[in-house]
Amino acid sequence: MIDLSSREAQSAFKKLQRTTFATNIMMCVVTVAATAIAIWGTATAKGRASWSEILFYILIALLAVYFIGILTWEIILRRKYAELMHKYIAEGFYARKNILNVKGHVAFDLSLAGDKISVMRENGGEYVQFDLAPVSRYPSVCANAVRLVKRFICGYYFKAAQQGDIDSVILYDKIQKRTKKYIYVENGKPKSKGKLSYFIRHGLINTD
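Everything numeric here is computed off the predicted structure, so don't read it as measured data.

With that settled, consider the overall build of the chain. In terms of helices and strands, the chain carries four helices and six strands. Each helix and strand of the chain, placed in order from N terminus to C terminus, yields the pattern α-α-β-β-β-α-β-β-β-α. Looking at the chain as a whole, 37% of its 208 residues are labelled buried. Counted over contacts in the chain with a minimum sequence separation of 6, partners at least 24 positions apart contribute 63%. Of the accessible surface of the chain, which amounts to about 12700 Å², a share of 57% is contributed by carbon and sulfur atoms.

Structure follows, in structure tokens:
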């Protein structure tokens with residue numbers, strides 16, 4: 001089971017947060033440096049470059065290499081982070097699998113109850129909660145968890161609709177002041193490109 005409060009998970013969140021911050025700083029630095037090169041190159045276009053110009057270009061090249069290194073590291077961290085969060089959401093739903101029963105018309109209410117994401121199935125009272133208290137200091141992680149809950153439901157019923165026995169699936173997002181309505185299946189047909197879902201592509205959805 002995935003535990004968001006574990007040392008491994010917390011370390012992944014911290015590393016990604018720091019790396020993303022460093023990437024943003026480097027993007028600003030490289031942008032400013034590139035602009036400076038363009039201006040300097042235009043102002044000093046006279047054939048041979050001076051030693052100061054050569055040194056400046058070398059420094060810019062080193063900055064670019066450093067930036068690429070940070071960006072590569074961020075991509076690696078994001079893959080680990082994506083795997084951890086997708087598994088956490090999938091495990092949460094399967095721990096309360098009755099909420100996913102594939103039958104007729106399905107409607108869910110999505111809301112926040114304190115530090116917990118709450119998903120309740122209408123007509124039955126089945127529900128599942130995802131505790132975000134361990135990641136409350138990381139707003140981007142909390143926001144992503146909400147997105148992944150929606151994507152799991154979308155992917156799950158995309159696959160279920162292909163097997164029949166499902167008429168419609170609706171999600172009412174009540175997290176914001178204004179309720180948003182998402183229709184994932186209508187008249188037995190999925191309305192989204194669920195086959196592109198990370199959950200489906202990585203075998204995290206099983207409708208059997």
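Another point: the pairing of strand β2 (residues 116-121). Alignment of strand β1 (residues 104-113) against β2, held across six bridges, turns out to be antiparallel. Bridge pairing in β2 links Ser 111 to Ser 118. In sequence, β1 turns back onto β2 through a hairpin of two residues, with Gly 114 there showing a positive phi of about 70°. Bridging between β2 and strand β3 (residues 127-131) involves five bridges; their strand directions are antiparallel. Counterpart to Lys 116 in the pairing with β3 is Asp 131. Taking the residues between adjacent antiparallel strands as the criterion, β2 and β3 are bridged by five residues, where Asn 123 takes a positive phi near 60°.

With respect to the helices and strands, the residue Ser 168 is situated in strand β4 (residues 166-173). Aside from chain neighbours lying at most four places away, what touches Ser 168 is Gly 104, His 105, Val 106, Val 185 and Glu 186.

If you walk across this open sheet you meet the six strands as β3-β2-β1-β4-β5-β6, and the pairing is mixed. Of all the strands in the sheet, the pair left with one neighbour each is β3 and β6 (189-190). Of the strands in this sheet, β1, β2, β3, β4, β5 (180-186) and β6 touch helix α3 (residues 139-162), which is tilted by about 175° from β4.

Once that is clear, we can look at the packing of aromatic side chains. Under the criterion given, the structure shown has nine aromatic pairs. Judged by centre distance (5.1 Å) and plane angle (70°), the ring pair of Tyr 156 and Tyr 157 falls under edge-to-face. Exposure remark for Tyr 157: the relative accessible area of 0% places this residue in the buried category. Through a chain of ring-to-ring contacts, three or more aromatic side chains come together here, namely Tyr 88, Phe 93, Tyr 94, Phe 108, Phe 130, Phe 152, Tyr 156, Tyr 157 and Phe 199. Lying across the ring of Tyr 127, Arg 96 places its NZ or CZ 4.6 Å from the centre.

Here we take up the environment of His 105. Summarising the element assignment, His 105 is placed in strand β1. For His 105, a relative accessible area of 61% translates into the label exposed. Placed 62 residues apart in sequence, His 105 and Asp 167 show a C-alpha to C-alpha distance of 5.4 Å. If near-sequence neighbours (up to four positions away) are discounted, His 105 is found in contact with Asp 167 and Ser 168. A polar side-chain atom of His 105 sits 2.8 Å from a polar atom in the side chain of Ser 168.

Cut-offs used in this document
Residues numbered from 1 in each chain as written. Predicted model: local features only at pLDDT ≥ 70, side-chain atom pairs only at ≥ 80, totals over all residues. Heavy atoms only, no water. Helix = DSSP H or I, 4+ residues; strand = E, 2+ residues; numbered from the N terminus. Buried < 20%, exposed > 50% of the residue type's maximum accessible area, 1.4 Å probe, protein only. Contact = heavy atoms within 4.5 Å. Areas by Shrake-Rupley, 256 points an atom, 1.4 Å probe, with all protein chains shown as cover. Pairing = 2+ DSSP bridges. Axes fitted to C-alpha atoms, helices over the stretch in contact; angles between N-to-C directions. Phe/Tyr/Trp six-rings, centres within 6.5 Å; stacked < 30°, edge-to-face > 60°. Lys NZ or Arg CZ within 6 Å of the ring centre and 35° of its normal. Polar contact = N/O pair within 3.5 Å; in protein donor to acceptor, adjacent residues only side chain to side chain.

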